[in-house]
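Each chain, written out:
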Amino acid sequence: MDKINVGITVTILDPKESLFTNGIRQNALILRDTFKKIDFVNEVYYIDFGPKKDLAGSVWEKYEDCIINFDESLSKVNVVVTVCQFVSGDFVKKYKEAGIKLVRHIMGNSYYLFSESSLFKDDEGSTIHKQPGYDAIWISPDRKSTRLNSSHMSESRMPSSA
């Protein structure tokens, strides 16, 4: 079996921003680590849709060798998994023309919003919809409680946003 190269979409606007400002970047890191363990995966890249920037001294610096831009991805990957950046329109068209498979990975809050919308709302828009050109949709309900481990905290100590 031929080995494949996988691209995971990200947008790095400010390289100094923490990877922990939200869970989606953490998911992208874990997903890369997971793909690297698959025997038929050769390389895993982050496809940065943000402007080119200096990553020196940032949390992204250790991944610099595997961060590519959209144009580079057209010749380096066989599969693109959208995690931190959804691609549509001309991007999808160019990937399809290059024979690259597209997977939309939906996780966390988007999953829960989709579930609620599907069950209780007739035709309200959703963050999940069929997008022309995608070959697959993966849905992962991987959102951890945002109630700061509420099972160990009294109601009076919970943040008001919980």
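Look up: the structure comes first, before these words.
Predicted, not measured: the structure shown is a model, and the values here were computed from it.

How each quantity is defined
Residues numbered from 1 in each chain as written. Predicted model: local features only at pLDDT ≥ 70, side-chain atom pairs only at ≥ 80, totals over all residues. Heavy atoms only, no water. Helix = DSSP H or I, 4+ residues; strand = E, 2+ residues; numbered from the N terminus. Buried < 20%, exposed > 50% of the residue type's maximum accessible area, 1.4 Å probe, protein only. Areas by Shrake-Rupley, 256 points an atom, 1.4 Å probe, with all protein chains shown as cover. Salt bridge = Lys/Arg side-chain N within 4 Å of Asp/Glu carboxyl O. Pairing = 2+ DSSP bridges. Axes fitted to C-alpha atoms, helices over the stretch in contact; angles between N-to-C directions. Contact = heavy atoms within 4.5 Å. Polar contact = N/O pair within 3.5 Å; in protein donor to acceptor, adjacent residues only side chain to side chain. Core = buried A, V, L, I, M, F, W, Y, C linked by side-chain atoms within 4.5 Å. 1 Å grid on protein atoms, 1.4 Å probe; cavity = no way out; pocket = protein on both sides within 12 Å on 5 of 7 lines; lining within 4 Å. Points joined across faces, edges and corners; volume = space filled by probe spheres on them. Nonpolar A, V, L, I, M, F, W, Y, C, P; charged D, E, K, R; others polar.

Caption draft 1: Region of the structure containing the overall build of the protein chain. When you go through the protein chain residue by residue, the secondary structure sums to four helices and six strands. Tracing the protein chain from N to C terminus, the helices and strands come up as β-α-β-β-α-β-α-β-α-β. Here the protein chain holds 162 residues, and 35% of them are scored as buried. A total of about 10200 Å² of accessible surface is found on the protein chain, and carbon and sulfur atoms cover 50% of it.

Caption draft 2: A look at the pattern of salt bridges. Scanning all chains against the criterion turns up four salt bridges. The partner of glutamate 43 in a salt bridge is arginine 32, and the shortest N-O contact between them spans 3.7 Å. Taken as a pair, glutamate 43 in strand 2 (residues 41–48) and arginine 32 in helix 1 (residues 23–36) lie far apart in primary sequence, eleven residues in all. You can call arginine 32 buried: its relative accessible area is 12%. With its nearest N and O atoms 3.4 Å apart, the salt bridge here joins lysine 36 to glutamate 43. Each member of the salt-bridge network shares a partner with another, and the members are Arg32, Lys36 and Glu43.

Caption draft 3: Broad picture of the sheet that holds strand 1 (residues 4–10). Pairing is parallel in the open sheet, where six strands are placed in the order 3-2-1-4-5-6. The sheet is open, and its two borders are formed by strand 3 (67–69) and strand 6 (136–140), each paired with just one other strand. When the angles between neighbouring strand axes are averaged without regard to direction, this sheet yields 30 degrees. The sheet contact formed by strand 5 (residues 101–107) and strand 6 spans five bridges and is parallel. Bridge pairing in strand 6 links arginine 104 to isoleucine 137. In the packing of helix 1 onto the sheet, the strands contacted are strand 1, strand 2, strand 4 (79–82), strand 5 and strand 6, and the crossing angle to strand 2 comes to about 160 degrees. Against the sheet, helix 3 (residues 90–97) touches strand 2, strand 4 and strand 5, its axis set at about 135 degrees to strand 5.

Caption draft 4: Layout of the side chain of asparagine 5. As for its position among the elements, asparagine 5 is in strand 1. Take asparagine 5: its relative accessible area is 16%, and that puts it in the buried class. A polar side-chain atom of asparagine 5 sits 3.0 Å from a polar atom in the side chain of asparagine 42. Among residues more than four places away in sequence, those in contact with asparagine 5 are Asn42, Glu43, Tyr45, Lys76, Val77, Asn78 and Val79.

Caption draft 5: Structural detail: the nonpolar core. Within the largest apolar cluster, 34 residues are counted, with the highest numbers of intra-cluster contacts made by Ile8, Phe35, Tyr46, Trp60 and Val81. Contributing elements (two or more residues each) for this core: strand 1, helix 1, strand 2, strand 3, strand 4, helix 3 and strand 5. Per-element tally for this core: the top contributor is strand 2, with five residues. Sequence-distant contacts of tryptophan 60, defined by excluding residues within four places in its chain, comprise Val10, Ile12, Pro15, Leu19, Arg25, Tyr46, Leu55 and Ile67.

Caption draft 6: The arrangement of empty space enclosed by the protein in detail. Summed over all chains, the structure comprises one cavity of 30 Å³ or more. Considering only enclosed or pocket space, the largest cavity measures out at about 40 Å³ in volume. Among the residues forming the lining of the largest cavity, the class breakdown is three nonpolar, one polar and three charged.

Caption draft 7: Representation of the environment of isoleucine 4 in the model. As for its position among the elements, isoleucine 4 is in strand 1. Note: C-alpha distance between isoleucine 4 and asparagine 42 (38 residues apart in sequence) is 5.5 Å. Not counting the four nearest positions on each side in its chain, isoleucine 4 is found in contact with Phe40, Val41, Asn42, Glu43, Asn78 and Val79.

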